[in-house]
Amino acid sequence: YGSEISDTLSGKYKAAAVGANLRVVVQQPTAYFRAAAVVDPKYLAMAAGKPEVAEMQKYSPIAKWKSWGYWETGIGRSMKQLLTGQQTSLEKAVELSMAPAGVADDLTWGILWKAVKMEVKDQNPGMDVKSDAFMKKVSDRFDDVVDQTQVVDSFLHRSQMMRSTNGAVKMATAFMAEPTKSFNLMRTAIAEMTEAQKKYGNNSEQYKKARNMTFR
């Protein structure tokens, strides 16, 4: 019971901290800039202010999942709520209080989707941009960008530490998804740069590219 109690308290604490918090809403779009680690900044700049939220949620399952509130551990709706639509008055109030942060998050990802679509279009000039094959490529690339740079609450997207079932560890890692993602992104970039340096040398194009990606 101890673990269940700590999970419940942690979830309520997170919901209280996020709900109706203007600072959280303002900070949501900053995740867009982290995508520059794997997406050319020119596409991010071109897509700014042009979110395609409906299309994103239609073709990207992970985007739909996050729109249900799964952008921080312990906050998203329960499976019962998703399947039946049943909510208590308190659950409805909590969802309403977190709506502004959810909208900001959807807009941020909608713009990121647009940037990825522009990138895929440039890389595949002969493809019909309205075809299912093209949208599949965009979805796959978008999912890859999300996996590497964005925070979403699913078992596959959590860091190893945040998968722990220990109550104390869960409390210690509360609201640490963003910094953990940034740390792992930097760690991976440094590892790839070091590997390229050892394998190809300091003057190689591979090393220079990896170095630029690390310090972008």
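Treat the numbers as computed from the prediction; the structure is a model and nothing was measured. (Residues numbered from 1 in each chain as written. Predicted model: local features only at pLDDT ≥ 70, side-chain atom pairs only at ≥ 80, totals over all residues. Heavy atoms only, no water.)

A.B. asks: Break down the packing of aromatic side chains for me, citing the residues and quoting the values.
C.D. replies: Here the structure, examined in full by the defined rule, presents three aromatic pairs. For the ring pair Trp109 and Phe142, a centre distance of 5.7 Å and an interplane angle of 80° mean the geometry is edge-to-face. Of the two residues, Trp109 is situated in helix α9 (residues 99-123) and Phe142 in helix α10 (residues 132-149); the sequence distance between them amounts to 33 residues. Accessibility assignment for this pair places Trp109 and Phe142 in one class, buried. Aromatic side chains Trp113 and Phe142 sit 5.3 Å apart centroid to centroid with 70° between the ring planes, which places their arrangement in the edge-to-face category. In this pair, Trp113 is assigned in helix α9 and Phe142 in helix α10, connecting sequence segments 29 residues apart. An identical accessibility class is assigned to Trp113 and Phe142; each is buried. (Phe/Tyr/Trp six-rings, centres within 6.5 Å; stacked < 30°, edge-to-face > 60°. Helix = DSSP H or I, 4+ residues; strand = E, 2+ residues; numbered from the N terminus. Buried < 20%, exposed > 50% of the residue type's maximum accessible area, 1.4 Å probe, protein only.)

A.B. asks: Give a description of helix α12 (residues 177-200) that names residues and reports values.
C.D. replies: Across its 24 residues, α12 extends 34 Å between first and last C-alpha, which sits within 8% of the 34 Å expected from 1.5 Å per residue. Those residues of α12 lying buried are Ala177, Thr180, Lys181, Leu185, Ala189, Met193 and Ala196. Directly beyond the C-terminal end of α12, a positive phi value near 95° is found at Gly201. (Expected span 1.5 Å × (residues − 1).)

A.B. asks: Can you break down the pattern of salt bridges residue by residue, with the values?
C.D. replies: When charged atoms on two side chains of opposite charge get close, those side chains can pair. The tally for this structure, following the rule as stated, stands at six salt bridges. Among the ionic pairs, Glu119 bridges to Arg141, the shortest N-O distance being 2.7 Å. Of the two residues, Glu119 sits in helix α9 while Arg141 sits in helix α10, which places them 22 residues apart along the sequence. Residue classification places Glu119 among the buried residues on the basis of a relative accessible area of 5%. A salt bridge links Lys136 to Asp140; its shortest N-O distance comes to 2.8 Å. Taken together, the residues span about one helical turn, with Lys136 and Asp140 both in helix α10 at a distance of four residues. Residue Asp140 is classed as partly exposed on the basis of its relative accessible area of 40%. Overlapping salt bridges, with partners in common, bring together Glu52, Glu55, Lys114 and Lys117 in one network. (Salt bridge = Lys/Arg side-chain N within 4 Å of Asp/Glu carboxyl O.)

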